[in-house]
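Examining the three-dimensional arrangement
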Amino acid sequence: MFSFRGCGRWVAASLTKQHHPSSRFSGDSAAPWTPHFDVVVIGGGHAGTEVRANCQMSCNPSFGGIGKGHLMREVDALDGLCSRICDQSGVHYKVLNRRKGPAVWGLRAQIDRKLYKQNMQKEILNTPLLTVQEGAVEDLILTEPEPEHTGKYRVSGVVLVDGSTVYAESVVLTTGTFLRGMIVIGLEMHPAGRLGDQPSIGLAQTLEKLGFVVGRLKTGTPPRIAKESINFSILNKQTPDNPSIPFSFINETVWIKPEDQLPCYLTHTNPQVDEIVLENLHLNCHVKETAKGPRYCPSIESKVLRFPNRLHQVWLEPEGMDSDLIYPQGLSVTLPAELQEKMITCIRGLEKAKMIQPGYGVQYDYLDPRQITPSLETHLVQRLFFAGQINGTTGYEEAAAQGVIAGINASLRVRHKPPFVISRTEGYIGVLIDDLTTLGTNEPYRMFTSRAEFRLSLRPDNADSRLTFRGYKEAGCVSQQRFERATWMKSSLEEGISVLKSIEFPSSKWKNLIPEASISIGKSLPLRALDVLKYEEVDIELLAKAVPEPLRKYTKCRELAERLKIEATYESVLFHQQQEIKEVQRDEALQLPKDLDYLTLRDVSLSHEVREKLHFSRPQTIGAASRIPGVTPAAIINLLRFVKTTQQRQAAMDRLPKTDQHLCNTDKLEDRQL
């Protein structure tokens, strides 16, 4: 087993056997041969993991949540790793938001930090055609750009800190918080991407010199507390779900029974905590920094300043089955260590708590995500891909989602195949990437269900039917086992819905068969079994007892039974939403020419401001252009007319005989010369 530490982690992944062993790990970057890979991945966090790297869980030991759980299911539908590893490493599984409909349920799991790392490393080292090596990347190797693609340069490898080189056809940067990272505790600041790890300075300077627009963000982490020093007996205990729902579509259960899982506990801050924070703001330079921190996971200092005189939740979460550390979620803090200890002991249940490690803040560089395409390839440098916090996001799940897309497209780029892009109508991954590439961000971006326009269609339960088939056919990233299971589930759902629609009785008969259901019998109208399944009290098991044949067989698979219930619940509204999705897809289908020079374009009426915004973001479709702030509806109409006119001219040219087309081209050349 190996361990990666430090910013200089780099991982090289090869898609074809070249002049190196199919799977190896080395701590010596100065190899006697010059390695050449198809894809090199720099970074070993959650984004790098999904492009096949190693993983460090530097903050909260949990995965999923509202919106984030959707991303987990979509990563899994594309055969990503994190969901499967979570099912092997969790210590507390729970579905959040149960009070609302299944479209916005959030799968979440508390993770054993050590077990997750072990399982992930085992998966990585057993991946064929993958080489893993530790080293520090200082620079990029650049060559002349490919003429058929946009971009000033083409990346062809990386330079390590010792001067050795690693050549590659594509490079993926997943640098996390390490680009010029700075750790902050109180008034003390020292260079680091994570506590104890050196930052990446040379790579940050290289990217800035190339012309990338660089910004600055900040985040933080809470202190760690000794478990035996906490009085759990007076706190609100949170137990896991029974049964526990797995993240991965290919797992029927998680590795641990509900009764063997660990509980979490809830406590709250109080006025004493507020007082300590407010009296010592002058000792906290992290709060004074102009760099923006996460809006939806703020530090305790930010919460006290923004929401005075309120009690704030603090969840006490275990870090593992055999760990003596507790993670106090909601207590991210950057006060001096001695004040952190004083603050902790003011909180109910923590009166005698012992702090093992202080909380700290991290400030780091990120690159404006409007400089990347929906495939996550940069506009400026061909074959260079960004994923994770380098794009301004926060959270393991957002990083993993970008990592799997960057990995797929880096591979497709090597094979000269078209990019794999997920639209807003197809998944939360599409919403995430579209928001980043069209809107950009000036604060750490995190996913919520409210960001998606088509929540009823983009549910956690149907991520496989939305993405697995595309991943298998277009990207080649889905295993045969997963494809066959998704195919079986799709056909079983279609068959089950058809059967439920075919069974029809008067409402009075249904009431006699299922007295638990609140079915009105005032008017004895005919009802399909699918309509009866929409009632909250009714599930497939209850229906199968009323009509054993042919419904009994649909009770044998828990997931199938639950998905039939969900499909019935949303049947009527889904029809209208699908019509809306088709309208949006028509706009998305109108592709903008990749080589369009918005600054000099004369055939379309656009303001200088709009031209600059389009030039910077370089949207690929009319739909994406319409979502860029400041691009007016009038500009979109003018752009739409231009695109359609251009397409019509091109179609007319294509229909001309070759001799006539040659004459037309000659005339155009003469016109340009004149």
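Residues numbered from 1 in each chain as written. Predicted model: local features only at pLDDT ≥ 70, side-chain atom pairs only at ≥ 80, totals over all residues. Heavy atoms only, no water.

The protein chain has the name 5-taurinomethyluridine-[tRNA] synthase subunit MTO1, mitochondrial in an unreviewed UniProt entry, where Neophocaena asiaeorientalis asiaeorientalis is given as its organism. Heading Subunit (unreviewed entry) of the UniProt record for the protein chain holds this comment: "Homodimer; forms a dimer in the presence of potassium. Interacts with GTPBP3; forms the GTPBP3-MTO1 complex composed of homodimers of GTPBP3 and MTO1." (UniProt positions renumbered as here; feature names shortened; annotations may be inferred.)

All right, on to the sheet that holds strand β13 (residues 214–221) then. Read across the open sheet, the four strands follow the order β12-β11-β20-β13; overall the sheet is antiparallel. Two strands lie at the open edges of the sheet, namely β12 (188–191) and β13, each paired on one side alone. Mean inter-strand twist for the sheet, computed between neighbouring axes without regard to direction, equals 25°. Across three bridges, the pairing between strand β11 (residues 182–185) and strand β20 (residues 360–367) is antiparallel. Residue pairing across strands places M182 opposite Q363, the latter belonging to β20. (Pairing = 2+ DSSP bridges. Helix = DSSP H or I, 4+ residues; strand = E, 2+ residues; numbered from the N terminus. Axes fitted to C-alpha atoms, helices over the stretch in contact; angles between N-to-C directions.)

Before going further, it helps to examine the sheet that holds strand β5 (residues 90–96). Spatial strand order, β4-β6-β5: three strands in an open sheet with antiparallel pairing. Only two strands of the sheet have a single neighbouring strand rather than two, namely β4 (62–64) and β5. Neighbouring strand axes in the sheet, compared pairwise and without regard to direction, differ in orientation by 15° on average. Of the strand pairs in this sheet, β5 and strand β6 (residues 106–111) are connected by six bridges, and their pairing is antiparallel. When the bridges of β6 are listed, K94 appears paired with R108.

Turning our attention to the pattern of salt bridges. In total, this model carries 43 salt bridges according to the counting rule given. For D365, the salt bridge is made with R216, and the minimal N-O distance between the two is 2.8 Å. Of this pair, D365 sits in strand β20 while R216 sits in strand β13; the two residues are 149 residues apart in sequence, bridging distant segments of the chain. Judged by its relative accessible area of 30%, R216 falls in the partly exposed class. Here R424 ties to E453 by a salt bridge, and the two come within 2.9 Å at their closest N and O atoms. A residue pair is termed long-range when its members are at least 10 positions apart, and R424 in the loop between α10 (396–414) and α11 (428–439) and E453 in the loop between α11 and α12 (463–475) qualify at 29 residues. When salt bridges that share partners are traced, they join E146, R154, E169, E377, R383 and R413 into one network. (Salt bridge = Lys/Arg side-chain N within 4 Å of Asp/Glu carboxyl O. Buried < 20%, exposed > 50% of the residue type's maximum accessible area, 1.4 Å probe, protein only.)

Moving on to the environment of G151. Its location among the elements puts G151 in the loop between β8 (137–143) and β9 (153–160). Residue classification places G151 among the partly exposed residues on the basis of a relative accessible area of 28%.

Secondary-structure assignment places G427 in the loop between α10 and α11. The exposure class assigned to G427 is buried, which follows from its relative accessible area of 0%. Residues G427 and L467 lie 40 residues apart in sequence; the distance between their C-alpha atoms is 8.0 Å. Residue contacts for G427: discarding those within four places in its chain leaves E74, I422, L458 and R466. (Contact = heavy atoms within 4.5 Å.)

Right, let's get into unusual backbone geometry. Residue P243 is bonded to the preceding N242 through a cis peptide linkage, with omega at 5°. Relative to the assigned elements, P243 resides in the loop between β15 (236–238) and β16 (264–268). Even without a glycine there, the phi angle at L129 is positive, about 60°. Position of L129 relative to the elements: it lies in the loop between α4 (113–125) and β7 (130–134).

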